[in-house]
Amino acid sequence: MRIAAWSGPRNLSTAMMYAFGNRADFTAVDEPFYAAYLTRTGLYHPMREQVLAAQSDDMGTVVADLIAPLPEGRHVYHKHMAQHILPDTPLDWLDQCRHLILLRHPDRVISSFAKGYDNVTLADVGFLQLAELFDILRDRGLDPVVVDSADIRRDPEGMLRAICDRLGLDWDPAMLSWPAGPKPADGVWAPHWYAAVHRSTGFAGPEGDLPEQDRRVERIAQAAMPYYDRLVAEKLVP
């Protein structure tokens, strides 16, 4: 099984990659379209040059790697950023995957992302792209599983069991914890973004009140809310 997990940044996505990657029957792939995205957009992200040196920016090569044959009894978990899918990204490979869409409240996403990246825009945080991707997947009959990260933090075992059930996977308690520190699947950008998750050994508990926003960030969060509200209405409820 190939699981393509889609989210925006700062969205429990790395912890989810660690949860699946800690299973003995899974390997994981971290943001395989990142170099292609940076090349085509010209954006200057932290560690841009290291990302471009570490990954192929040829989308055909990336897709070929994503759908390469898997050893018998093995599965793979793709951690994707929805904003990395651009108009010229090939999509025919989507039919060879099961799909997971991971959400987090826009106030939390944008507040966290803005700490590590200046000049945040709506296009940077993935909500519009997640809504578009949801429609593409539904139109293809691929039935994406939509999950709110707040529900995972509130009840990790219950939600992960429900996700496995929807995906047709056996439950594995190894998903609930992992060793601290970097992981083999980590992208080269991990030193900039993954410090907190490297300190973790499992999912953190529920988050507190929504963070206060400055006006610039608040405007972006408000623009993202209709997309979040539309998708969260489709979320998995065990």
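Before reading further, recall that the structure is shown in the block above.
Residues numbered from 1 in each chain as written. Predicted model: local features only at pLDDT ≥ 70, side-chain atom pairs only at ≥ 80, totals over all residues. Heavy atoms only, no water.

**Focus: helix 11 (residues 215-232)**
The terminal C-alpha atoms of helix 11, which comprises 18 residues, lie 25 Å apart, in line with the 26 Å expected from a rise of 1.5 Å per residue. Of all the bends in helix 11, the greatest, near 35°, is centred on Met225, and the proline Pro226 appears no more than four residues after it. Those residues of helix 11 lying buried are Val217, Ile220, Ala221, Ala224, Tyr228, Leu231 and Val232. Looking at the buried side of helix 11, the elements it contacts are strand 4 (98-103), helix 5 (106-114), helix 6 (127-139) and strand 5 (145-148). (Helix = DSSP H or I, 4+ residues; strand = E, 2+ residues; numbered from the N terminus. Expected span 1.5 Å × (residues − 1). Bend = angle between axes of the 7 residues up to and from the residue. Buried < 20%, exposed > 50% of the residue type's maximum accessible area, 1.4 Å probe, protein only. Contact = heavy atoms within 4.5 Å.)

**Digging into the pattern of salt bridges**
Per the counting criterion, the structure on display carries 15 salt bridges. Among the ionic pairs, Arg104 bridges to Glu207, the shortest N-O distance being 2.5 Å. Residue Arg104 is found in the loop between strand 4 and helix 5, and its partner Glu207 is found in the loop between helix 10 (195-199) and helix 11; the two are separated by 103 residues along the sequence. For Arg104, a relative accessible area of 13% puts it in the buried group. (Salt bridge = Lys/Arg side-chain N within 4 Å of Asp/Glu carboxyl O.)

**Description of the packing of helix 6 against helix 11**
In the contact formed by helix 6 and helix 11, the axes pass within 8 Å of each other and the chain directions differ by 35°. The handedness of the crossing between helix 6 and helix 11 comes out as left-handed. Contacts between helix 6 and helix 11 pair Phe127, Leu128, Leu130, Ala131, Phe134 and Asp135 from the former with Ala224, Tyr227, Tyr228, Arg230 and Leu231 from the latter. Broken down by class, the residue content of the contact of helix 6 with helix 11 amounts to nine nonpolar, no polar and two charged. (Axes fitted to C-alpha atoms, helices over the stretch in contact; angles between N-to-C directions. Left-handed = near helix turned anticlockwise from the far one by under 90°. Nonpolar A, V, L, I, M, F, W, Y, C, P; charged D, E, K, R; others polar.)

**Remarks on unusual backbone geometry**
With a phi angle near 65°, Met47 is a residue other than glycine that sits in the positive phi range. Tracing the sequence through the fold places Met47 in the loop between helix 2 (34-41) and helix 3 (48-54). One non-glycine residue, Asp143, lies in positive phi territory at about 50°.

**Some words on the state of the cysteines**
The bond known as a disulfide is covalent and runs between the sulfur atoms of two cysteines. If you walk through the whole model with that rule in mind, you get zero disulfides. Here Cys97 is not cross-linked by a disulfide; its sulfur's nearest cysteine counterpart is in Cys164, at 17 Å. With a relative accessible area of 1%, Cys164 lands in the buried category. (Disulfide = S-S within 2.5 Å.)

**A short note on the nonpolar core**
Of all hydrophobic cores here, the largest spans 73 residues; its most connected members are Met16, Phe20 and Ile163. Ranked by the residues each element gives to this core, the list is headed by helix 11, at seven residues. (Core = buried A, V, L, I, M, F, W, Y, C linked by side-chain atoms within 4.5 Å.)

**Considerations on the pairing of strand 4**
Most of strand 4 is tucked away, with five of its six residues classed as buried. Relative to strand 4, strand 1 (residues 2-7) is paired through four bridges, and the arrangement is parallel. Across the sheet, the residue bridging to Ala4 is His99, located in strand 4. For strand 4 and strand 5, the ladder comprises four bridges, and the chain directions are parallel. Within strand 5, the position partnered with Ile101 by the bridge is Val146. (Pairing = 2+ DSSP bridges.)

**With respect to the sheet that holds strand 5**
The strands making up a sheet associate through hydrogen bonds between their backbones, and the pairing can be parallel or antiparallel. In space, the five strands of this open sheet follow the order 2-3-1-4-5, with parallel pairing throughout. Of all the strands in the sheet, just strand 2 (26-30) and strand 5 have a single pairing partner and so form its edges. Neighbour to neighbour, the strand axes of the sheet diverge by 20° on average, direction disregarded.

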